[in-house]
Every structure is written in structure tokens, then in C-alpha cells.
Amino acid sequence: MKEKNEIRRQMRAARRALTPEQQDQAAFGVMSQLSTQSCFLFSQHIGFYWASDGEVDLTYAMDFAQRLGKRCYLPVIGDGTKRVSPRMQFYEYRQGMPLRPNRFGILEPDRRFSRRIPVWCLNMVLMPLVSFDHFGGRLGMGGGFYDRAFAYRKSKTNTYLSPFSTPALIGVAHSCQASTRLPSDDWDVAMEGIVTESFAALCNNVL
Ligand SMILES: Nc1nc2c(c(=O)[nH]1)N(C=O)[C@@H](CNc1ccc(C(=O)N[C@@H](CCC(=O)O)C(=O)O)cc1)CN2
Ligand SMILES: Nc1ncnc2c1ncn2[C@@H]1O[C@H](COP(=O)(O)OP(=O)(O)OP(=O)(O)O)[C@@H](O)[C@H]1O
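Residues numbered from 1 in each chain as written. Chains lettered and ligands numbered in written order. Predicted model: local features only at pLDDT ≥ 70, side-chain atom pairs only at ≥ 80, totals over all residues. Heavy atoms only, no water.

### Some thoughts on the sheet that holds strand 6 (residues 116–117)
Link 1 in the chain: Spatially, 8 strands are ordered 6-3-2-1-7-10-11-12 in an open sheet, and the strand pairing comes out mixed. At either margin of the open sheet sits one strand with a lone partner, and together these are strand 6 and strand 12 (200–202).
Link 2 in the chain: Alignment of strand 2 (residues 71–76) against strand 3 (residues 89–93), held across 5 bridges, turns out to be antiparallel. Residue Tyr73 lies in a different strand from strand 3, and its bridge partner there is Glu92.
Link 3 in the chain: Across the sheet, helix 2 (residues 20–34) is in contact with strand 7 (124–128), strand 10 (168–172), strand 11 (193–195) and strand 12; its angle to strand 11 comes to roughly 135°.
Link 4 in the chain: The sheet contacts of helix 4 (residues 59–67) involve strand 2 and strand 3, and relative to strand 2 the element is tilted by about 140°. (Pairing = 2+ DSSP bridges. Helix = DSSP H or I, 4+ residues; strand = E, 2+ residues; numbered from the N terminus. Contact = heavy atoms within 4.5 Å. Axes fitted to C-alpha atoms, helices over the stretch in contact; angles between N-to-C directions.)

### Quick word on the confidence of the model for the protein chain
Link 1 in the chain: A residue-level look at the protein chain finds 91% of positions with pLDDT of 70 or above and a mean pLDDT of 92.
Link 2 in the chain: Overall fold confidence for the complex sits at a pTM of 0.94, while the interface term, ipTM, reaches 0.94. (pLDDT = per-residue confidence, 0-100.)

### Let's talk about helix 4
Owing to its 3.6 residues per turn, the α-helix brings residues three or four apart onto one side.
Link 1 in the chain: Within helix 4, burial applies to Ala61, Met62 and Ala65. The buried residues of helix 4 all sit within an arc of 100° when viewed along its axis, so they share a single face.
Link 2 in the chain: In the core, the buried residues of helix 4 are packed alongside helix 2, helix 3 (38–41), strand 2 and strand 3.
Link 3 in the chain: The first or second residue beyond helix 4 is Gly69, which carries a positive phi of 85°. (Buried < 20%, exposed > 50% of the residue type's maximum accessible area, 1.4 Å probe, protein only. Arc of directions from axis to C-beta.)

### Some points on the environment of Thr19
Link 1 in the chain: Mapped onto the elements of the fold, Thr19 is located in the loop between helix 1 (4–16) and helix 2.
Link 2 in the chain: Judged by its relative accessible area of 32%, Thr19 is partly exposed.

### Structural notes on the UniProt feature "binding site: substrate" (unreviewed entry) in the protein chain
Link 1 in the chain: Sites flagged by UniProt as "binding site: substrate" (unreviewed entry) map to Glu55.
Link 2 in the chain: Looking at where Glu55 falls in the secondary structure, it is placed in the loop between strand 1 (45–47) and helix 4.
Link 3 in the chain: Those residues in contact with Glu55 that sit more than four places away from it in its chain are Arg15, Gln23, Tyr49, Trp50, Pro128 and His174. (UniProt positions renumbered as here; feature names shortened; annotations may be inferred.)

### With respect to the site of ligand 1
Link 1 in the chain: By nearness alone, 13 residues border ligand 1, and Arg12, Trp50, Glu55, Phe104 and Met141 come closest of all.
Link 2 in the chain: Between ligand 1 and Trp50, the relevant distance is 2.7 Å, taken from a nitrogen atom to a main-chain nitrogen or oxygen of the residue.
Link 3 in the chain: Protein chains bury 69% of the 690 Å² of accessible surface belonging to ligand 1 in isolation.
Link 4 in the chain: For the shell around ligand 1, the class distribution of residues is 11 nonpolar, no polar and 2 charged. (Near = heavy atom within 4 Å. Polar contact = N/O pair within 3.5 Å; in protein donor to acceptor, adjacent residues only side chain to side chain. Areas by Shrake-Rupley, 256 points an atom, 1.4 Å probe, with all protein chains shown as cover. Nonpolar A, V, L, I, M, F, W, Y, C, P; charged D, E, K, R; others polar.)

### Description of the packing of aromatic side chains
Link 1 in the chain: For the structure shown, the criterion picks out 7 aromatic pairs.
Link 2 in the chain: Look at Phe90 and Phe150: their rings are 6.4 Å apart centre to centre, the planes differ by 45°, and that puts the pair in the tilted class. Of this pair, Phe90 sits in strand 3 while Phe150 sits in the loop between helix 5 (145–149) and strand 10, placing them 60 residues apart in sequence.
Link 3 in the chain: Using a relative accessible area of 0% as the deciding quantity, one classes Phe90 as buried.
Link 4 in the chain: Between Phe150 and Tyr152, the ring centres sit 6.3 Å apart and the planes meet at 50°, which makes this aromatic pair tilted. (Phe/Tyr/Trp six-rings, centres within 6.5 Å; stacked < 30°, edge-to-face > 60°.)

### Quick notes on the site of ligand 2
Link 1 in the chain: Around ligand 2 sit 16 residues, and of these Arg8, Arg138, Gly140, Phe145 and Asp147 come closest.
Link 2 in the chain: In the model, an oxygen atom of ligand 2 is placed 2.4 Å from a nitrogen or oxygen of the Arg138 side chain.
Link 3 in the chain: For ligand 2, the accessible surface in isolation is 650 Å², of which the surrounding protein chains cover 72%.
Link 4 in the chain: Counting only elements with at least two residues in the shell around ligand 2, the list comes to helix 1, strand 9 (138–139) and helix 5.
Link 5 in the chain: Element by element, the count of residues in the shell around ligand 2 is highest for helix 5, at 4 residues.

Right, here's the structure in full:
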């Protein structure tokens, strides 16, 4: 099995090579796929991400969600200048709100002007992927931010009736980022579903 870093390098290059037209079609396609999913339609509080490095842009999807009266949130890790929680947290984003760059240059809400939501109060989180497989396997940028934020989802006491069975974890990627089977580590948190510009699917691990 190829090492995670090698797959990361190839898949990041592949998504960065997409043209602006392909990126725009992907952004529109992901919004259209989401608009047909009951998981999205029934969710009131949704975690998105602000795209960078060739990721699928979710601004169409956030506009659509806001027009349906849903609340949108973005991940915040900070710019590294202040000692704050090492955990990634989610803060509300409303259209037009000023954003500031985090330590990797990705835009995020300013903690001073936005409202934090505990992660388990989110109904659904759209996770940025570098690669995915159909078994719930995901590969991110390598910081372990999503794995740490949702590590509680792996707990044995996490039953259907527990408040810790939320949010639904749905990965977003370009379909060209698919892998047959990704290597996995103990700490990896599985995704329940995947949305690309051309399909939305449940991952086999939950069926
Ligand atoms: N859009 C988006 N937002 C996100 C994530 C993400 O993957 N995508 N994250 C998901 O975890 C968190 C940020 N994690 C990140 C981890 C590594 C790098 C990164 O670019 N690493 C560079 C090295 C940069 C440096 O050290 O200065 C690299 O690997 O080339 C970026 C974001 C929170 N917000
Ligand atoms: N629950 C956890 N507790 C402590 N460290 C963790 C946890 N989960 C992941 N990590 C650390 O995060 C690092 C990156 O993990 P990995 O390569 O799987 O990241 P990733 O899944 O690509 O990133 P992300 O979760 O941000 O999308 C690993 O070195 C691992 O030690």
C-alpha cells in the first residue's frame, strides 16, 4: 500500500491541476448533489470549510444553505500567535462576514465577531478531503485536525441514542481524488458519506 504522504502529494497535485472552469463545475455539482440529500436538507447546523489548495469550493453550497435558513459554520484553528485550544473549533459564518487567514493562509471567522458551536451540536460536517475510498477511508492534509475533533465518534459508548453520534461526517472531494483503498491508522475517523461533483454515496462501513 502506498504511503499516505505519497498519495497526498499525487492527489493534491491532481486537484490543483483542475482548470477554473472545472473547479466552478465541481462547486456547482457538489451544491446540486447536496440539494438532493435528505441528510443535508434535514440539517440545520452545518460545518463547511473555506476552500484552498484546489479543494471543491463550497460557497455555492453555503449560499444555498443560507437561503434555506440553515446556519453555516467554518473550522477555526487560529493564526498560531495566541495560545488557544489546540482543538479545531467551529464558528458561525454569515455571508459577507470578514474572514482572517489562519496559520496556513486559509480564511476563517474571527473568534471575536463570531459564535462558536460545540462540534456535537452540528448536524452535519462537510470535510475537506485529499483522497477518499468507498469504505469510509479519508485522507486529509495531514494535520489530524478532523481526526482529533471527532475522535469521540470512535468511542464504544457512542450508540445511536447518544448525543455523541452527531454530526454526520460527509467528505467532499473531486471525483478524481478517489482511491481504491486508503491505508488507515488507529486514530482515523471514518466518514459516513461522500459527495463529489458527480455523485453522493453512503460509505460501506455504515451499511
Ligand atoms: N479548507 C480547509 N480548511 C481546513 C482544513 C483543510 O484541510 N481544508 N484543515 C484540515 O485539517 C484544517 C487545516 N489543516 C491544514 C493542515 C496542513 C496544511 C498545509 O498546507 N500544510 C502544508 C505545510 C504548510 C506549513 O507548514 O506552513 C503542506 O503540507 O504543504 C493546511 C491546512 C482546518 N481548516
Ligand atoms: N485522536 C488523536 N489524538 C492525538 N493525535 C491524533 C489523533 N488523531 C490524529 N492524530 C495525529 O494527527 C496526525 C495526522 O494524522 P493523519 O495523517 O491521519 O491526518 P489527516 O487525516 O490527513 O488530517 P485531518 O484529520 O486534518 O484531515 C498523526 O500524526 C496523528 O498522530
